[in-house]
Amino acid sequence: MSSVLQPCARCGARWAVHGTPMHWCPRCHGVLLSPAPIDAPAERRNYRWVARRPDHRNGRPATAPRRRPAAPTPRYMQIPRWGLRDETNAAALAAQRGPAAALASWVTPLLLVTTGMFALAAVAELVRYSILLVNRTRLIDPLALRFSDWLLTGSSVLALALALGSGIALLGWLIETRSAVFARAGRRDSRPVPLLVLGCLIPVVNLVWPGVFLTEIAVTRADPRALRAIRIWWCAWVLGGLMAVAALIWRTADSLQVKADGVLFTAGTDAVAAAVAVLTLWVVRLLDGRDLFGRVRLARRWVVAVDPAVPVIEPVHPGGAARSETRNVADAEIPDDLDSDNGAVQHEEVMAK
């Protein structure tokens, strides 16, 4: 391997010199600079790089750019995520809203209030059970007993009423969401609206069909996270329904001890109902592209880097093998970047010895 090299002014390739130096680069037909040792420092090379202004040929001075008024420094309110976001078209989604959109807008507040009311009902049942335990050895103050009755009856009735209102709002949300999802997929919803209404409102039947309707949405959107959340919600929904039926049957018992145990079981049922309401809100927000706290859920994509590392310094290529080919094509092929009038290269690299 020769210790003298000729770098190309266009592509940066370095060619070993064997005998007579070459003039044109065998790779890109660019100008080859003067030969120099491979380990020569910059101050000992026999060429140097000179930068010239773009208008040095026409002799006209470059016009000074106009000063623009100083603009405020740009800043970001959050971390930029260029190119890796799925932006939703809000106008298109708003155009797809139907008459059930008014009901769908009440889903989040109703579910939040329902969750709190069922939690309050569970606390009221625990207070009633504590009163029953204390009443075995001492009398209960009538005011405390009356307060417990009001708290238990009021929280239970309000929880059931809010659960019914949440169910109606969720039905409107289900109709709107299915219509929008299937429309974006270029299809029409195969389930008619009456079937959705009957499948969600008929007792016992509504333990099965709501999960089916939600699963079809997740499968159409190809969202495995939402599908997993729907399965968790479905199991909790069936468990809550079975516990509600068991709590109603338990209250028909004649034994005082069984009734007391029924109060404790009803408290657990109310707690499960509150958990089901939270899971329902989670599923609704996942299918709407948000997380449990209402923040927009960004799609994550893992990009595989398959390109090889680009070397910083171009490796040395042998110059002897390419010499004969260069001589044959030197006369036939003229470099495209060579100006025939002045013999100068457009890249404005000047070699000075």
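Reading the values: the criteria
Residues numbered from 1 in each chain as written. Predicted model: local features only at pLDDT ≥ 70, side-chain atom pairs only at ≥ 80, totals over all residues. Heavy atoms only, no water. Helix = DSSP H or I, 4+ residues; strand = E, 2+ residues; numbered from the N terminus. Buried < 20%, exposed > 50% of the residue type's maximum accessible area, 1.4 Å probe, protein only. Contact = heavy atoms within 4.5 Å. Areas by Shrake-Rupley, 256 points an atom, 1.4 Å probe, with all protein chains shown as cover. Phe/Tyr/Trp six-rings, centres within 6.5 Å; stacked < 30°, edge-to-face > 60°. Core = buried A, V, L, I, M, F, W, Y, C linked by side-chain atoms within 4.5 Å. Expected span 1.5 Å × (residues − 1). Pairing = 2+ DSSP bridges. Salt bridge = Lys/Arg side-chain N within 4 Å of Asp/Glu carboxyl O. Polar contact = N/O pair within 3.5 Å; in protein donor to acceptor, adjacent residues only side chain to side chain.

> Can you explain the overall build of the protein? Please cite residues and give values.
If you tally the helices and strands in the protein, you get 9 helices and 4 strands. Helices (α) and strands (β) of the protein occur, in sequence order from the N terminus, as β-β-β-α-α-α-α-α-α-α-α-β-α. Put simply, the protein has 353 residues, and 30% of those count as buried. Residue pairs at least 24 apart in sequence account for 65% of intrachain contacts in the protein once pairs closer than 6 positions are excluded. By element, 63% of the accessible surface of the protein is carried by carbon and sulfur atoms, the whole surface being about 23,800 Å².

> Which residues make up the packing of aromatic side chains, and what are the values?
In this description, an aromatic ring pair is defined by two values, namely the gap between the centres and the angle between the planes. As enumerated under the stated definition, the model contains 3 aromatic pairs in all. Geometrically, the ring pair formed by Trp233 and Trp237 is stacked, given 5.7 Å between the ring centres and 10 degrees between the ring planes. Of this pair, Trp233 and Trp237 both sit in helix H7 (residues 224-250), separated by 4 residues, roughly a single helical turn. What makes Trp237 partly exposed here is its relative accessible area of 28%.

> Go over the nonpolar core, please, and point to the residues and values.
Val107, Trp173, Leu174, Leu214, Val283 and Leu287 are the most contacted members of the largest nonpolar core, which totals 37 residues. For this core, the elements supplying multiple residues, two or more each, are helix H3 (107-134), helix H4 (142-184), helix H5 (193-201), helix H6 (209-221), H7 and helix H8 (256-287). Contact partners of Val283, with chain neighbours within four places excluded, come to Leu214, Ala229, Ile230 and Trp233. In this structure, Cys8, Trp15, Cys25 and Leu32 belong to the second largest nonpolar core, which totals 7 residues.

> Could you give an account of H6, naming the residues involved and the relevant values?
In this model H6 runs 19 Å from its N-terminal to its C-terminal C-alpha over 13 residues, within 8% of the 18 Å that 1.5 Å per residue would give. Within H6, burial applies to Pro210, Gly211, Phe213, Leu214, Glu216, Ile217 and Ala218. Buried residues in H6 make contact with H4, H5, H7 and H8. Two residues or fewer past H6, Ala222 is found with a positive phi of approximately 55 degrees.

> Go over the pairing of strand E1 (residues 4-7) with me, naming the residues and quoting the values.
By the bridge criterion, 2 bridges tie E1 to strand E3 (residues 36-37) in an arrangement that is antiparallel. Bridge assignment links Val4 to a residue of E3, and that residue is Pro37. For E1 and strand E2 (residues 14-16), the ladder comprises 3 bridges, and the chain directions are antiparallel. Note that in E2 the partner of Gln6 across the bridge is Trp15. Hairpin remark: E1 followed by E2, antiparallel, with 6 residues in the connecting loop; positive phi at Gly12, about 85 degrees.

> Give me unusual backbone geometry: which residues, what numbers.
Despite not being glycine, His29 has its phi angle at roughly 60 degrees, a positive value. For His29, the position within the fold is in the loop between E2 and E3. Note on His29: relative accessible area 24%, which makes it partly exposed. Its identity is not glycine, yet Ala222 carries a phi of approximately 55 degrees, on the positive side. Inspection of the secondary structure assignment puts Ala222 in the loop between H6 and H7.

> Outline the pattern of salt bridges, supporting the account with residue identities and numerical values.
The full count for this structure, using the stated rule, is 6 salt bridges. As a salt-bridge pair, Arg128 and Asp149 come within 2.0 Å of each other at their nearest N and O atoms. Within this pair, whereas Arg128 is found in helix H3, its partner Asp149 is found in helix H4, the two being separated by 21 residues in sequence. Judged by its relative accessible area of 16%, Arg128 falls in the buried class. Here Asp149 falls in the partly exposed class, since its relative accessible area comes to 30%. For the salt bridge of Arg178 with Asp189, the shortest nitrogen-to-oxygen distance reads 2.7 Å. Placement of Arg178 in helix H4 and of Asp189 in the loop between H4 and H5 is noted, with a sequence separation of 11 residues between them.

> Please give an account of the side chain of Thr177 that cites residues and values.
Within the secondary structure, Thr177 sits in helix H4. Judged by its relative accessible area of 9%, Thr177 is buried. Within the local environment of Thr177, its side chain forms a polar contact with the backbone oxygen of Trp173, the two atoms lying 2.8 Å apart. Residues contacting Thr177, with those up to four places away along its chain left out, are Ile217 and Asp288.

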